[in-house]
Amino acid sequence: MAKQVKRTTVTMDRSRPHQFTGDMLVLGLFQDASRLPTEFTQLDKAVAGAISNLLKLKDFTGKAHETALLYVSGKIAFKRIMLVGLGPKSKLQTDTLRQAAGTAVRTAQKLGIAKMGLALHQLALPKIAPDQAGQAITEGAIIARYDYQDYLPAQKDTQKEVPLMRAAIVEPNTSPANKLNRGRRIGTILAEGQNQARMVANKPGNEINPPTLARQAQKLARQFGLKCKVFDDRKLADMKMNAILAVGSGSATKPRLIMLEHPGRKGRKKAQAAPDVIVIGKAVTFDSGGISLKPSLNMEAMKFDKCGGCAVLGIMTAVAALKLPQRVLGLIPAVENKPSHTSYRPGDIIRTYSGKTVEVQNTDAEGRMILCDALAYAARMKPGAIIDMATLTGACVVALGHHHAGLFTNNDDLKRKIEKAAQLSSEQVWHMPSGDDYLELMKSKVADLKNIGGRAGGSCTAAAFLGEFAGDVPWAHIDIAGMADTNQEKPYRSIGATGFAVRLVLEYLRSL
Ligand code: BES
Ligand code: ZN
Ligand code: ZN
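This is a predicted model, so every value here is computed, not measured.

Each value, and the rule that gives it
- Residues numbered from 1 in each chain as written.
- Chains lettered and ligands numbered in written order.
- Predicted model: local features only at pLDDT ≥ 70, side-chain atom pairs only at ≥ 80, totals over all residues.
- Heavy atoms only, no water.
- Pairing = 2+ DSSP bridges.
- Helix = DSSP H or I, 4+ residues; strand = E, 2+ residues; numbered from the N terminus.
- Donors = N, O, S within 2.8 Å, 3.2 Å for Na, K, Ca; no water.
- Tetrahedral: all angles 85-135°; square planar, octahedral: opposite > 155°, others 65-115°.
- Buried < 20%, exposed > 50% of the residue type's maximum accessible area, 1.4 Å probe, protein only.
- Salt bridge = Lys/Arg side-chain N within 4 Å of Asp/Glu carboxyl O.
- Expected span 1.5 Å × (residues − 1).
- Axes fitted to C-alpha atoms, helices over the stretch in contact; angles between N-to-C directions.
- Parallel < 35°, antiparallel > 145°, perpendicular 65-115°, else oblique.
- Left-handed = near helix turned anticlockwise from the far one by under 90°.
- Contact = heavy atoms within 4.5 Å.
- Arc of directions from axis to C-beta.
- Nonpolar A, V, L, I, M, F, W, Y, C, P; charged D, E, K, R; others polar.

Neighbouring strands of a sheet are bound in pairs by backbone hydrogen bonds; such pairs are parallel or else antiparallel. Read across the sheet, 3 strands follow the order 12-13-17 without closing on themselves; strand pairing throughout is mixed. Since the sheet does not close on itself, it has two edges, and those belong to strand 12 (349–351) and strand 17 (449–450), each with one partner. One ladder, built from 2 bridges, connects strand 13 (residues 357–359) with strand 17; its direction is parallel. If you follow valine 358 over to strand 17, its bridge partner there is leucine 449.

The structure is reproduced here in structure tokens:
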């Protein structure tokens with residue numbers, strides 16, 4: 001029997017905290033509050049002062065991610081209260097709420113809680129607007145629930161494993177409740193889009209290759225009402241997508257270019273209207289390096305080299321669910337980079353889709369090869385903007401570590417909008433330089449360009465290469481090499497694929 005997927009759904013509950021019915025009520029409290037905030041005094045009374053007693057004993061200090069569990073009785077219809085620390089009030093951010101909700105869900109999961117109430121926003125308002133609070137809490141709760149268990153037996157260590165967990169945001173007052181609810185609806189769509197990206201990205205290379213990735217895309221397109229076109233290797237040859245074909249030539253599983261379309265409002269009137277935005281994601285389903293073979297240490301992590309493409313899948317499903325008015329196109333060049341007797345090799349010169357020629361000096365710099373064809377194809381459609389996401393360079397990880405993605409762009413307005421979206425989503429980006437000085441390093445003696453520039457500024461030279469294929473379309477490149485997967489758990493993030501850039505790009509699209 002297929003394993004049931006663990007899920008959390010977030011709902012609204014318009015009762016007062018002490019009137020909530022369910023298995024557990026969760027309260028968010030700031031650090032070092034000397035007294036119980038008035039928002040919760042009625043609740044405290046209903047449980048005979050159990051919360052204020054605990055605070056007096058200083059058994060709970062409210063540090064970020066700290067939890068305390070109380071078993072309560074009295075005039076209430078739940079048996080447990082969980083306190084979650086929000087950290088110092090002065091450091092409150094939207095992400096504090098995402099993290100608190102994540103902590104609550106992960107702790108509740110161990111207890112086998114089927115229904116819990118969330119009273120996390122009460123103390124965060126009004127510094128955080130109620131709709132943003134509702135969205136962040138929902139995102140944290142839904143993202144925290146997913147972890148990659150496809151190949152593990154159903155968990156036996158707890159008898160109480162609950163596949164469907166319900167988390168209700170508890171707020172009795174109509175005005176904040178309505179706004180929280182609006183945020184909850186958006187947050188559900190964004191978080192499920194992000195989990196969708198993670199579900200595909202976590203799958204290994206023996207399961208996901210270009211054709212099976214294309215099938216996943218077609219399945220999602222049917223489910224969400226997107227148009228989907230898949231160009232196979234024969235079609236790619238007709239189209240002269242020679243860079244995509246070159247990278248994929250070493251593998252038995254042949255390249256695909258996957259195109260997903262959300263028509264938006266314009267599309268209904270005028271099918272041929274230029275897309276408002278095209279999002280492109282690198283999907284190297286496994287990057288061995290090819291003939292320029294990578295060292296074997298950590299090579300298994302190169303199943304995550306498809307994370308840009310998986311982000312596009314998550315983004316497009318959410319774009320459809322949000323019914324955005326814009327016409328949005330998703331493009332996923334998908335290849336497997338393998339060494340074999342049919343591989344492309346160092347020294348090869350490829351006439352790319354744009355007509356520009358590229359000398360291959362390293363077959364491991366394959367991401368820019370497949371992206372250059374997708375970018376040139378996108379630029380021909382004259383969209384309002386192009387955003388590409390790619391696990392492109394190890395150099396970006398050296399430069400920025402695992403806390404910011406690299407943002408490269410030829411357009412200041414796009415830069416500002418993406419930075420604003422980063423703030424809203426807490427998916428951080430750092431603006432990096434590119435342009436002519438870096439492009440100089442990518443010029444070849446035997447072709448228009450070469451595919452590597454040297455060790456210095458490796459993420460900047462890679463971006464300069466890509467910029468040559470975006471033409472004069474406003475374009476941004478997000479290097480997610482340090483962000484796409486993780487070995488470090490966080491309050492709302494398990495190990496493996498993170499789905500980074502899904503919420504970031506969706507906030508950008510929502511801002512248009
Ligand atoms: N997929 C890698 C980049 C990467 C490295 C992502 C580490 C995540 C973690 C990319 O295709 C690659 O191999 N890039 C080379 C480029 C070099 C040959 C110019 C790199 O970064 O070493
Ligand atoms: Zn590579
Ligand atoms: Zn790669």
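Moving on: the coordination of the zinc ion (ligand 3). Distances from the zinc ion (ligand 3) to its protein donors, namely Lys282 (NZ), Asp287 (OD), Asp305 (OD) and Glu366 (OE), fall within the range 2.0 to 2.4 Å. With 6 donor atoms in place around the zinc ion (ligand 3) and angles of 77 to 173° between them, the coordination shape is octahedral. A separation of 3.2 Å is found between the zinc ion (ligand 3) and the zinc ion (ligand 2), which share aspartate 287 as a coordinating residue. One end of the pair, aspartate 287, is in strand 10 (residues 283–287); the other, aspartate 305, is in the loop between strand 10 and helix 10 (307–322), and 18 residues separate them in sequence. Like aspartate 305, aspartate 287 is buried.

Under the definition given, this model contains 22 salt bridges. The salt bridge partner of lysine 6 is aspartate 147, with a shortest N-O separation of 3.0 Å. Highlighted residues: lysine 6 in the segment before strand 1 (7–13) and aspartate 147 in the loop between helix 4 (130–145) and strand 6 (164–170), separated in sequence by 141 residues. The exposure class assigned to lysine 6 is buried, which follows from its relative accessible area of 15%. Residue aspartate 147 is classed as partly exposed on the basis of its relative accessible area of 25%. Here aspartate 233 and arginine 256 are joined by a salt bridge, their closest N and O atoms 3.4 Å apart. Note that aspartate 233 is positioned in helix 7 (residues 233–239) and arginine 256 in strand 8 (residues 256–262), a separation of 23 residues in sequence. We classify arginine 256 as buried; its relative accessible area is 16%. Within this structure, Asp95, Arg98, Glu139, Glu427 and Arg503 form a network of salt bridges that share partners.

Moving on, we come to the coordination of the zinc ion (ligand 2). Coordination of the zinc ion (ligand 2) by the protein comes from Asp287 (OD), Asp364 (O), Asp364 (OD) and Glu366 (OE), over a distance range of 2.0 to 2.2 Å. Motif for the zinc ion (ligand 2), donor spacing along one chain: D-x76-D-x1-E.

Think of an α-helix as 3.6 residues a turn; residues three or four steps apart then line up on the same face. Across its 16 residues, helix 4 extends 23 Å between first and last C-alpha, which sits within 8% of the 22 Å expected from 1.5 Å per residue. The element helix 4 is extensively covered by neighbouring structure, given that 14 of its 16 residues are classed as buried.

It is worth spelling out the packing of helix 13 (residues 412–425) against helix 16 (residues 502–510) at this point. Relative orientation and spacing of two packed helices are given, respectively, by the angle between their axes and the distance between those axes. Where helix 13 contacts helix 16, the two axes come as close as 8 Å, and the packing angle between them is 120°. In this view, helix 13 runs oblique relative to helix 16, as classed from their interaxial angle. Helix 16 is crossed by helix 13, and the crossing has right-handed handedness. Only Arg503, Leu504, Glu507 and Tyr508 of helix 16 make contact with helix 13, whose side of the interface consists of Leu414, Lys417, Ile418, Ala421, Ala422, Leu424 and Ser425.

Ordered by their spatial adjacency, 6 strands build an open sheet running 1-6-5-2-4-3, and the pairing between neighbours is mixed. In the strand order of this sheet, the two ends are held by strand 1 and strand 3 (67–71), each with one partner. Averaged over all pairs of adjacent strands, the angle between strand axes in this sheet comes to 25°, irrespective of strand direction. With 6 bridges connecting them, strand 2 (residues 24–29) and strand 4 (residues 80–85) associate as parallel partners. Residue leucine 29 lies in a different strand from strand 4, and its bridge partner there is glycine 85. Relative to the sheet, helix 4 contacts strand 1, strand 5 (115–119) and strand 6, its axis offset from that of strand 1 by approximately 155°. Taken strand by strand, helix 5 (residues 174–201) contacts strand 1 and strand 6, and its axis lies near 170° from that of strand 1.

Between its first and last C-alpha atoms helix 13 spans 20 Å; for 14 residues at 1.5 Å apiece the expected length is 20 Å, and the two agree. Buried residues of helix 13: Leu414, Ile418, Ala421, Ala422 and Ser425, and no others. Each buried residue of helix 13 lies within a common arc of 105° when the element is viewed along its axis, so the set occupies one face. Turned more than 90 degrees off the buried face of helix 13, the exposed positions are Asp412, Arg416 and Gln423.

On to the packing of helix 3 (residues 94–111) against helix 4, then. Taken N-terminus to C-terminus, the directions of helix 3 and helix 4 make an angle of 40°; their axes are 7 Å apart at the nearest point. Our classification of the angle between helix 3 and helix 4 gives oblique. Crossing angle aside, the handedness with which helix 3 passes helix 4 is right-handed. Contacts between helix 3 and helix 4 involve Thr94, Leu97, Arg98, Ala101, Gly102, Val105, Arg106 and Gln109 on the former and, on the latter, Gln132, Ala133, Ala136, Ile137, Glu139, Gly140, Ala141, Ala144 and Arg145. Residues that form the contact of helix 3 with helix 4 fall into these classes: 8 nonpolar, 5 polar and 4 charged.

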